[in-house]
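# Summary of the model geometry
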Amino acid sequence: MQTIRELSCADDYDPNSMPVAKAREVIARFLDPVSAVERVHVRAGLGRVLAEDITSPLDVPAHDNSAMDGYAVRFSDLKPAGETTLKVAGNAFAGAPFAGAMQPGECVRIMTGGVIPAGADTIVMQEHVKAAGDQVTIAAGHRKGQNLRRAGEDLTAGQVALKRGSELRPADIGLIASLGIGEVMVYRRLRVAFFSTGDELVSVGTVPKEGQIYDSNRYTIHGMLTRLGCEVIDMGVVRDDPALLEQAFRQAAAAADVVITSGGVSVGEADFVKDLLNKLGEVVFWKIAMKPGRPLAYGKIAGAHFFGLPGNPVSVMVTFYQFVRHALLRLSGRDPVPTLPTFKVPCTSGLKKAPGRTEFQRGILSQDAGGAWSVRVTGEQGSGVLRSMSEANCFIILPTEQGNVSAGTLVDVQVMDGVV
Ligand code: AMP
Ligand code: MG
């Protein structure tokens, strides 16, 4: 296999203007999912990634059963015209089947979920009968087999109910329990270590001196990683000092599957980090043809995957969404990795856009009184304006060659699902 550096430089792409799709493609070639698995109680599987196919050990439902409260009848007993009177031979309740065999001219009182008695083939809803003592009278107009749920209509024994690589959601947990399966095999959580770089940064709880700012990236990254189901290792703020950074990179790579940093990859700082990372591993530095989020470093350090995100708070989140999210899900064992819902809606206002880079403007997708969806841009779009991410519920993705957008134009929006 080619190395990351060879791949990234082999073709005509310029690392100083790397298209978004090309960077994704390069990263995708190096993603080797975790292989370690653990067996957990089905409830503890929520949010985890299945490491096995779940095969149904039984037919679901296990028996033909009633979809309605009513009477189980033999269709051939019903007169095609006029009324039929049948004798009620007994009851079939959920969990308490009718023991005997239903004779011609008989019916069985049955509740939803009740097992269809031998001999019956049709359910007549209780609203459609007149009951008197142990007899019921049924008008004509029924269909053979109506209101019946067939054994195995949901799943047949031996059928794959859930596939390896899927994330377990509440419906899946319920489905597994419905098969009588109490434990599932899941991949171990992906371990992700992260730290912020910058001499100007202080953490919450410290009073910033002049020129210092609060570190926010570690908080957004922590949140996004947690939403993705990763095990997080927060390594704090690391000063722009080669020795401290080297130590931090080494520690992070030894502790985690993935190392994520923010800051220190823009021009001026990159050379210093570049030398260090070249020494520790194999890392490429790209200027992605996107806005925001231009600088991005990707590679391997001592076996760990490495993402060097930009410093600006919005750029961090956009690059995380556009590159890191997919990679982490893949590494966690997700197969396929779900793409974020993307569709076209009209943009209510004009947008400023220069051709040459893919832009990820922050948008608010909403419905008008008539139920029609449209998107508007959040205010100031600067890459330091974290509020624009906080207000947004979607990205407005403007393709590379796109220029200014006039109000009313259809634009691509990508929903910020579950990560932001
Ligand atoms: P850098 O890429 O390190 O030059 O950072 C670019 C910009 O992002 C600078 O204005 C930094 O102060 C800011 N920045 C870097 N890291 C953080 C952080 N962890 N939290 C908030 N702002 C940051
Ligand atoms: Mg910095």
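Thresholds applied
Residues numbered from 1 in each chain as written. Chains lettered and ligands numbered in written order. Predicted model: local features only at pLDDT ≥ 70, side-chain atom pairs only at ≥ 80, totals over all residues. Heavy atoms only, no water. Helix = DSSP H or I, 4+ residues; strand = E, 2+ residues; numbered from the N terminus. Buried < 20%, exposed > 50% of the residue type's maximum accessible area, 1.4 Å probe, protein only. Contact = heavy atoms within 4.5 Å. Disulfide = S-S within 2.5 Å. Salt bridge = Lys/Arg side-chain N within 4 Å of Asp/Glu carboxyl O. Near = heavy atom within 4 Å. Polar contact = N/O pair within 3.5 Å; in protein donor to acceptor, adjacent residues only side chain to side chain. Areas by Shrake-Rupley, 256 points an atom, 1.4 Å probe, with all protein chains shown as cover. Nonpolar A, V, L, I, M, F, W, Y, C, P; charged D, E, K, R; others polar. Pairing = 2+ DSSP bridges. Axes fitted to C-alpha atoms, helices over the stretch in contact; angles between N-to-C directions. Phe/Tyr/Trp six-rings, centres within 6.5 Å; stacked < 30°, edge-to-face > 60°. Lys NZ or Arg CZ within 6 Å of the ring centre and 35° of its normal. Domains from an automatic or database assignment. Parallel < 35°, antiparallel > 145°, perpendicular 65-115°, else oblique. Left-handed = near helix turned anticlockwise from the far one by under 90°.

Once that is clear, we can look at unusual backbone geometry. Note the cis peptide between V60 and P61, where omega equals -10 degrees. A cis amide bond, omega 0 degrees, links D335 with the succeeding residue P336. Here P336 lies in the loop between α7 (313-331) and β22 (342-346). The backbone phi angle of N147 is positive, close to 60 degrees, even though this residue is not glycine. By the element assignment, N147 lies in the loop between β9 (135-139) and β10 (148-149).

This next bit is on the environment of G105. Within the secondary structure, G105 is located in the loop between β5 (83-92) and β6 (106-110). Here G105 falls in the partly exposed class, since its relative accessible area comes to 31%. Ignoring anything within four residues of it in the chain, the contact list for G105 reads D77, L86 and K87.

Below, the discussion takes up the state of the cysteines. In a disulfide, the sulfur atoms of two cysteines are covalently bonded to one another. Per the stated rule, a full pass over the model turns up 0 disulfides. No disulfide involves C394; its nearest neighbouring cysteine sulfur is the one of C347, lying 9.1 Å away.

What follows deals with the pattern of salt bridges. Evaluated as defined, the whole model comprises 15 salt bridges. D257 is paired through a salt bridge with R188; the nearest N and O atoms lie 2.9 Å apart. Of the two residues, D257 sits in the loop between α5 (242-255) and β17 (258-262) while R188 sits in the loop between β12 (183-187) and β13 (191-197), which places them 69 residues apart along the sequence. One exposure class covers both D257 and R188, and it is buried. A salt bridge links E391 to R387; the shortest N-O distance between them is 2.6 Å. A residue pair is termed a helical-turn pair when its members lie 3 or 4 positions apart in one helix, as E391 and R387 do in helix α8 (residues 386-391) at 4 residues.

Near ligand 1 you find 16 residues, and of these E200, D215, S216, G264 and E269 are the closest. The side chain of S196 places a nitrogen or oxygen atom 3.4 Å from a nitrogen atom of ligand 1. Taking N217, its side chain carries an N or O atom lying 3.2 Å from a nitrogen atom of ligand 1. Relative to its unbound accessible surface of 480 Å², ligand 1 loses 79% to contact with the protein. For the shell around ligand 1, the residue count by class is 4 nonpolar, 9 polar and 3 charged.

With mixed pairing, 6 strands are arranged side by side in an open sheet as β16-β13-β17-β21-β20-β18. What marks the edges here is a single partner per strand, and that holds for β16 (231-238) and β18 (281-287). Neighbouring strand axes in the sheet, compared pairwise and without regard to direction, differ in orientation by 15 degrees on average. Inspection of the sheet shows β13 paired to β17 by 5 bridges, in the parallel sense. By the bridge assignment for β17, S196 is matched with S262.

Per the counting criterion, the structure on display carries 6 aromatic pairs. Ring plane angle 80 degrees and centroid distance 6.2 Å describe the contact between F360 and F395, whose orientation is recorded as edge-to-face. On the criterion of sequence distance, the pair formed by F360 in strand β23 (residues 358-367) and F395 in strand β25 (residues 394-398) is long-range, its members being 35 residues apart. Relative accessible area serves as the criterion here: at 0%, F395 is assigned to the buried category. Through a chain of ring-to-ring contacts, the aromatic side chains of F195, F249 and F306 assemble into a single cluster. Cation over ring: R24 sits above F323, and NZ or CZ is 5.9 Å from the ring centre.

Attention now moves to the side chain of E246. In this fold, E246 is placed in helix α5. The class for E246 is buried, based on a relative accessible area of 16%. Engagement of the side chain of E246 in a polar contact is seen with the side chain of K279, the distance being 2.9 Å. For E246, the contacting residues outside a window of four places in its chain are L276, K279 and L280.

The next subject is the sheet that holds β9. Pairing is mixed in the open sheet, where 6 strands are placed in the order β7-β4-β6-β5-β9-β8. Of all the strands in the sheet, just β7 (122-125) and β8 (129-132) have a single pairing partner and so form its edges. Strand-to-strand twist across the sheet, computed as the mean angle between neighbouring axes with direction ignored, equals 35 degrees. Taken together, the 4 bridges between strand β4 (residues 70-73) and β7 define a ladder with antiparallel strand orientation. If you follow A72 over to β7, its bridge partner there is I123.

Domain annotation for the chain reports domain 1 (4-36 + 189-331), domain 2 (38-58 + 163-187), domain 3 (65-149) and domain 4 (342-415). A separation of 59 Å is found between the C-alpha centroids of domain 3 and domain 4.

Before going further, it helps to examine the packing of helix α4 (residues 217-227) against α7. Look at α4 against α7: their axes get within 11 Å of each other, and the N-to-C directions meet at 25 degrees. If you check the angle between α4 and α7, you find them roughly parallel. Note on packing geometry: the crossing formed by α4 with α7 is right-handed. Mapping the contact onto sequence places N217, T220, I221, M224 and L225 in α4 and P313, V316, M317, F320 and L328 in α7.

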